[in-house]
Amino acid sequence: MTQDIVARINQLKKQRDAVILAHNYQIGEIQDIADFTGDSLELSRKAAAVKESVIVFCGVHFMAETASILAPDKTVLVPDVKAGCPMANMITAEQLVELKSQHPEALVVCYVNSTADVKAHCDYCCTSGNAVKLVGSLPRDREIIFVPDRHLGSYVEEQLGRKLILWPGYCATHVKITVDEIVAARAAHPGAPVIVHPECPKSLREAADYSLSTGQMVALAAESAHTEFLIGTELGMLHRLRKDFPAKKFYPVSEKALCPNMKKNTLEKLLWALENMEPVVKVPSEIAKQALRSLENMVAVL
Ligand code: 13P
Ligand code: SF4
């Protein structure tokens, strides 16, 4: 059955001139059928550069919106249009406009986990992979508003030694991981480094050895002499790491770190999207034009 679906998706992909992009948190079957699997920054860069006329984006809604803004001439399909990111929905454009009115001189940086409406009101966008570098490149004498993730924001503050105006958003998945689970994982696998995502609260980041974007986790696993790793992020990441590095061992810090939205996409829905050429994610051109400025800055920062 699954083999039939896989064969049909591959056949339709050619007919529709489509490319399948998948985030590192997608279910294994989707990662395996994708043409490219990566983190938010890698996927944005890929979407901006693909030659195919259709992008099937397997991730969450803001990622497909970002692809639509960076590749306005392409048709962007998603397997499940209801796969949203709760953190992205924790701030609206109206709330950001109100915050900006309280700090009229501030530069505004948004995490890519935000809606296109919010991005349209920002000066710069960043991902967890380049947030420190991007904010670090901004003038030190300007106030900076950082939305919506207060944990990534506080990580940037710690790394750069400067205060930001933070919004109280957070990732509902990463806050499920506990320090006790890190302690227990270390006891079960002595010597294995603990890697968490910077969306984790400070207490977890302090208890870990590294705070890295999912793409940086792959890079660390590739170059590290360690053969065992403890991974404190969404469980889909384990598939990516085990597949890329079969000779190394990866253990989840917490079995609770599951993002229900990332898991809404299935092979059946992916096939349905290619068959019916919907659901389409298309950002209205006026908003896309405004949001593009901040996204161009994001993809340019390594
Ligand atoms: P990265 O893959 O860019 O590290 O982001 C993690 C995430 O939560 C995406 O929603
Ligand atoms: Fe949003 Fe967190 Fe899920 Fe990423 S893991 S999509 S930040 S809720």
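Chemist: Looking at this structure, I do not really get the site of ligand 1. What am I missing?
Modeler: Around ligand 1, the surrounding shell holds 13 residues, and the nearest of these are His23, Ser40, His197, Glu199 and Thr214. Taking serine 40, its side chain carries an N or O atom lying 2.8 Å from an oxygen atom of ligand 1. In this structure, asparagine 113 approaches ligand 1 through a side-chain N or O atom, which is 3.3 Å from an oxygen atom. Protein contacts shield 96% of the accessible area of ligand 1, which totals 300 Å² for the unbound molecule. Its residues placed into classes, the shell around ligand 1 shows 4 nonpolar, 7 polar and 2 charged.

Chemist: Can you help me understand helix H3 (residues 40-49) in this one?
Modeler: Because an α-helix packs 3.6 residues into every turn, residues spaced three or four apart end up facing the same way. Among the residues making up H3, those that are buried are Ser40, Leu41, Leu43, Ser44 and Ala47. One side of H3 carries all its buried residues, which in axial view fall inside an arc of 165 degrees. In this structure, the buried side of H3 is in contact with strand S1 (18-23), strand S2 (36-38), strand S3 (54-58), helix H4 (61-70) and helix H14 (285-300). At the N-terminal end of H3, a side-chain oxygen is found 3.2 Å from the backbone nitrogen of leucine 41, two or three residues along, and the residue is aspartate 39.

Chemist: So what exactly am I meant to see when it comes to the site of ligand 2 here?
Modeler: In the vicinity of ligand 2, the contacting residues are Tyr25, Val60, Cys85, Pro86, Asn113, Cys171, Glu199, Cys259 and Met262. Residues of the shell around ligand 2, tallied by class, amount to 7 nonpolar, 1 polar and 1 charged.

Chemist: Would you mind going over the pattern of salt bridges with me for this structure?
Modeler: Two side chains that carry opposite charge are able to pair once their charged atoms sit near each other. In this structure the tally under the stated criterion is 14 salt bridges. Lysine 13 serves as the salt-bridge partner of aspartate 35, at 2.8 Å between the closest nitrogen and oxygen. Taken as a pair, aspartate 35 in the loop between helix H2 (28-33) and S2 and lysine 13 in helix H1 (residues 2-15) lie far apart in primary sequence, 22 residues in all. Owing to a relative accessible area of 13%, lysine 13 belongs among the buried residues under this scheme. Here lysine 163 and glutamate 157 are joined by a salt bridge, their closest N and O atoms 3.7 Å apart. Under the relative-accessibility criterion, lysine 163 is labelled exposed at 69%. For glutamate 157, a relative accessible area of 13% puts it in the buried group.

Chemist: What should I look at first to understand the environment of isoleucine 177 in this one?
Modeler: Its location among the elements puts isoleucine 177 in the loop between strand S8 (165-166) and helix H9 (179-188). Look at isoleucine 177 and you get buried, because its relative accessible area is 4%. Sequence separation between isoleucine 177 and alanine 257 is 80 residues; the distance between their C-alpha atoms is 6.4 Å. Setting aside its immediate chain neighbours within four residues, isoleucine 177 contacts Cys200, Leu204, Gly232, Thr233, Val253, Ser254 and Ala257.

Chemist: Just to check I follow, could you spell out the pairing of S3 for this structure?
Modeler: Successive side chains on a regular strand alternate, one facing one side of the sheet and the next facing the other. Across the 5 residues that make up S3, a large majority, 5, are buried. The alternating pattern of S3 places Val54, Val56 and Cys58 and Ile55 and Phe57 on opposite faces, both of which are buried. Across 5 bridges, S1 lies against S3 in parallel orientation. By the bridge assignment for S3, isoleucine 20 is matched with valine 56.

Chemist: Could you clarify how one ought to interpret H9 in this entry?
Modeler: Every buried residue of H9 is listed here: Glu181, Ile182 and Ala185. The arc enclosing the buried residues of H9, seen along the axis, measures out at 100 degrees, which places them on a common side. In H9, those exposed residues whose orientation departs by more than 90 degrees from the buried face are Asp180, Val183 and Ala187. The elements touched by buried residues of H9 are strand S9 (194-196), helix H10 (202-207) and strand S11 (228-232).

Chemist: What exactly am I supposed to notice about the sheet that holds S1 here?
Modeler: The strands that make up a sheet pair up through hydrogen bonds in the backbone, lying either parallel or antiparallel. With parallel pairing, the 4 strands of this open sheet are ordered in space as S2-S1-S3-S4. At either end of the open sheet lies a strand with only one pairing partner, and these are S2 and strand S4 (75-77). In this sheet, neighbouring strand axes are inclined to one another by 25 degrees on average, regardless of whether the strands run parallel or antiparallel.

Reading the values: the criteria
Residues numbered from 1 in each chain as written. Chains lettered and ligands numbered in written order. Predicted model: local features only at pLDDT ≥ 70, side-chain atom pairs only at ≥ 80, totals over all residues. Heavy atoms only, no water. Near = heavy atom within 4 Å. Polar contact = N/O pair within 3.5 Å; in protein donor to acceptor, adjacent residues only side chain to side chain. Areas by Shrake-Rupley, 256 points an atom, 1.4 Å probe, with all protein chains shown as cover. Nonpolar A, V, L, I, M, F, W, Y, C, P; charged D, E, K, R; others polar. Buried < 20%, exposed > 50% of the residue type's maximum accessible area, 1.4 Å probe, protein only. Helix = DSSP H or I, 4+ residues; strand = E, 2+ residues; numbered from the N terminus. Arc of directions from axis to C-beta. Contact = heavy atoms within 4.5 Å. Salt bridge = Lys/Arg side-chain N within 4 Å of Asp/Glu carboxyl O. Pairing = 2+ DSSP bridges. Axes fitted to C-alpha atoms, helices over the stretch in contact; angles between N-to-C directions.

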